[in-house]
Protein chains: 2
Amino acid sequence: MVTARNTREDVIAAAGRLFAARGYHGTSMRDLGRELGLHGSSLYSHVTSKEDLLVAVVERGAERFEQSAEEALGSSDAPAERLRALIAGHIDVVLDHTDEAKTFLDEARSLEDPARRHIRDARNTYEKRFRAVIADGVSSGEFAPETDPKIATIFVLSILNAVERWYDPDGELDRAALVDEIWQFAITALTSS
Amino acid sequence: MVTARNTREDVIAAAGRLFAARGYHGTSMRDLGRELGLHGSSLYSHVTSKEDLLVAVVERGAERFEQSAEEALGSSDAPAERLRALIAGHIDVVLDHTDEAKTFLDEARSLEDPARRHIRDARNTYEKRFRAVIADGVSSGEFAPETDPKIATIFVLSILNAVERWYDPDGELDRAALVDEIWQFAITALTSS
DNA sequence: CCTACCGATCGGTAGG
DNA sequence: CCTACCGATCGGTAGG
């Protein structure tokens, strides 16, 4: 059996790879065809436009993060533990679905407006999950009373979203240790006054 | 006196604006010409190539950050205060030279290799300034002994580099308060065990 | 998924 | 800084 034909999912996965590596505008349909071993024009039997591809990749990224947050919040632990679960889930998405995560984080701005707004909303929803947990911790007295949940959330997400830019999966710091470092940093900042 | 001719500096400034807003690959030389009120081909009397422009903008960004760090470290205060000065300086660069800062942070990856390496080095040098201050704080006992200066530096810079993505200069949080929030968050995480 | 294209746009040059 | 271009490449279509 020779190599089978590509599916739409194959095309989207390859697009994620290239968009993450070179950016949306830095990737041509012919580049993408080459990556899959077919002609650029043949891609149009799988997608209707280049932007259609960006939408698909970014949307998958958004779903991964959203699903991760929902699972993390399944437990009814204390705020500190729920924050830990959110952090661990976020890192899993970034490390297990790097291309989608990177494209979601860095290339969504190239989307045109219906999709763009939808992704903006998804991002806000995700952010609210973190904010609610932090606000809970402040209310319960577990976190410091001066904490501004909105700003603290931005800071934690800033750390999480930057991971793709520096973390080396083959380096000395393994995944569990990475989660631990981030959690420790965040929880210390949130707990002490 | 009618509008004077554009200088090379005008061209670089306009390029910074467009690169920051739409990305390097999302900006064409004709877009840039339009921004300046001249033909795309006329830009070549000021620059030798499109990448020449990216190099110029990114290089200016790197210089701003480097200069800011040097000034911040002029004082011989305690580590916590020197970290504060580094943070304040970084925020000044981001808010006063937003286009250069954004292009430096987000578009440097589109550089080809001599310039690319040079920028990577500049980034590492800048990072080392932060790391040295944090390491000093650990040595002096001012910061918690478990602190890993390398990782703590990455976390602080992650927060700083994300500012351009969410901060609204016309919002409720003014510059001094922004610096204060970041510093408080960082110093708390670094100080407590 | 290929062949054969399309018009538009790209970065860039020559010669004023 | 303009005019007049260049070859290459772009996203995309028609018709198998």
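Residues numbered from 1 in each chain as written. Chains lettered and ligands numbered in written order. Predicted model: local features only at pLDDT ≥ 70, side-chain atom pairs only at ≥ 80, totals over all residues. Heavy atoms only, no water.

Draft legend 1. Representation of the overall build of chain A within the structure. Looking only at helices and strands, one finds 8 helices and 0 strands in chain A. From first element to last, N terminus to C terminus, chain A shows the α and β order α-α-α-α-α-α-α-α. Taken along the three principal axes of its C-alpha coordinates, chain A extends 60 × 40 × 30 Å. Long-range pairs, those at least 24 residues apart, make up 69% of the contacts in chain A between residues at least 6 apart in sequence. Accessible area for chain A stands at about 9500 Å²; split by element, carbon and sulfur atoms hold 48% of it. Separation of charge centres in chain A, based on 23 positive and 34 negative side chains, amounts to 8 Å. (Helix = DSSP H or I, 4+ residues; strand = E, 2+ residues; numbered from the N terminus. Contact = heavy atoms within 4.5 Å. Areas by Shrake-Rupley, 256 points an atom, 1.4 Å probe, with all protein chains shown as cover. Lys, Arg positive; Asp, Glu negative; His and termini not counted. Charge placed at Lys NZ, Arg CZ, Asp CG, Glu CD.)

Draft legend 2. Examining the interface of chain B and chain A more closely. In this assembly, 27 residues from chain B lie in contact with 27 residues from chain A. Interface area, chain B with chain A, both sides summed: about 2400 Å², of which 69% is carbon and sulfur. For chain B, the biggest contributors to the area lost against chain A are B:Arg109, B:Phe155 and B:Phe185; these three give 28% of the whole. In this assembly, chain B and chain A are joined by 4 salt bridges. In this structure, the connection of chain B to chain A is made through 9 residue pairs in polar contact (both at pLDDT 80 or more). Counting only elements with at least two residues in the side of chain B that touches chain A, the list comes to helix 1 (8–22), helix 5 (98–106), helix 7 (149–166) and helix 8 (175–191) of chain B. Counting residues per element, the side of chain B that touches chain A draws most heavily on helix 7 of chain B, which supplies 9 residues. When grouped by side-chain class, the residues that make up the side of chain B that touches chain A number 15 nonpolar, 6 polar and 6 charged. (Buried area = accessible area lost by both parts, 1.4 Å probe. Salt bridge = Lys/Arg side-chain N within 4 Å of Asp/Glu carboxyl O. Polar contact = N/O pair within 3.5 Å; in protein donor to acceptor, adjacent residues only side chain to side chain. Nonpolar A, V, L, I, M, F, W, Y, C, P; charged D, E, K, R; others polar.)

Draft legend 3. Spatial organisation of the protein's contact with DNA strand D. Lining the immediate environment of DNA strand D, one finds 16 residues, of which A:Met29, A:Arg30, A:Tyr44, A:Lys50 and B:Ser42 sit closest. Backbone atoms, meaning sugar and phosphate, form 55% of the atoms of DNA strand D found within 4 Å of the protein. Contact distances for DNA strand D include 2.9 Å between a phosphate oxygen and a backbone N or O atom of A:Met29. Here A:Tyr44 contributes a side-chain N or O atom positioned 2.9 Å from a phosphate oxygen of DNA strand D. The residue makeup of the surface near DNA strand D, split by class, is 3 nonpolar, 10 polar and 3 charged. (Near = heavy atom within 4 Å.)

Draft legend 4. Main features of the packing of helix 1 (residues 8–22) of chain A against helix 2 (residues 29–36) of chain A. All names here are of chain A. At a minimum axis distance of 10 Å, the contact between helix 1 and helix 2 shows a crossing angle of 120°. With respect to helix 2, the axis of helix 1 lies oblique. For the element pair helix 1 and helix 2, the recorded crossing hand is right-handed. Taking contact as the criterion, the partners of Asp 10, Val 11, Ala 14, Ala 15, Arg 17, Leu 18 and Arg 22 in helix 1 are, on helix 2, Asp 31, Leu 32, Glu 35 and Leu 36. Of the residues assigned to the contact of helix 1 with helix 2, the class counts are 6 nonpolar, no polar and 5 charged. (Axes fitted to C-alpha atoms, helices over the stretch in contact; angles between N-to-C directions. Parallel < 35°, antiparallel > 145°, perpendicular 65-115°, else oblique. Left-handed = near helix turned anticlockwise from the far one by under 90°.)

Draft legend 5. Up close: the packing of helix 4 (residues 79–96) of chain A against helix 6 (residues 113–139) of chain A. Residue and element names in this part refer to chain A. Closest axis-to-axis distance for the helix 4/helix 6 pair is 8 Å, and the angle between their directions is 155°. The angle between the axes of helix 4 and helix 6 places the two elements in the roughly antiparallel class. In the crossing of helix 4 with helix 6, the sense of the turn from one axis to the other is left-handed. Listed contacts from helix 6 to Pro 79, Arg 82, Leu 83, Leu 86 and His 90 of helix 4 are Tyr 126, Arg 129, Phe 130, Val 133, Asp 136 and Gly 137.

Draft legend 6. The arrangement of the protein's contact with DNA strand C in detail. The full set close to DNA strand C counts 16 residues, and A:Ser42, B:Met29, B:Arg30, B:Tyr44 and B:Lys50 are the nearest of them. For DNA strand C, the fraction of atoms within 4 Å of the protein that belong to sugar or phosphate moieties is 53%. A distance of 3.0 Å is found between a phosphate oxygen of DNA strand C and a backbone nitrogen or oxygen belonging to A:His39. Contacts to DNA strand C include A:Ser41, whose side-chain N or O atom sits 3.2 Å from a base oxygen. Per-class residue counts for the surface near DNA strand C are 3 nonpolar, 10 polar and 3 charged.

Draft legend 7. Main features of the pattern of salt bridges. Counted according to the given criterion, the structure contains 35 salt bridges over all chains. Among the salt bridges present, the one from A:Glu35 reaches A:Arg17, with a minimum N-O distance of 2.5 Å. You can see A:Glu35 sitting in helix 2 and its partner A:Arg17 sitting in helix 1, a full 18 residues away along the chain. Its relative accessible area of 35% is what places A:Glu35 among the partly exposed residues. You can call A:Arg17 partly exposed: its relative accessible area is 36%. Here B:Glu9 ties to B:Arg60 by a salt bridge, and the two come within 2.5 Å at their closest N and O atoms. (Buried < 20%, exposed > 50% of the residue type's maximum accessible area, 1.4 Å probe, protein only.)

Draft legend 8. Expanded view of the relation of the copies chain B and chain A. For the match of chain B to chain A, the screw axis carries a shift of 0.0 Å, the RMSD comes to 0.0 Å, and the turn is 180°. Expressed as an axis order, the relation between the two copies is that of a two-fold axis. No C-alpha of chain B approaches the rotation axis more nearly than that of B:Ala189, which lies at 2.1 Å. Comparing interface residues between copies, 100% of those in chain B also lie at the interface in chain A; the contact surface is shared. (Least-squares fit on C-alpha atoms with pLDDT ≥ 70 in both.)

Draft legend 9. View of the side chain of B:Glu66. Residues and elements named next belong to chain B. Secondary-structure assignment places Glu 66 in helix 3 (residues 50–72). A polar contact of 2.2 Å, which involves the side chain of Glu 66, links it to the side chain of Arg 129. Residues contacting Glu 66, with those up to four places away along its chain left out, are Thr 125, Tyr 126 and Arg 129.

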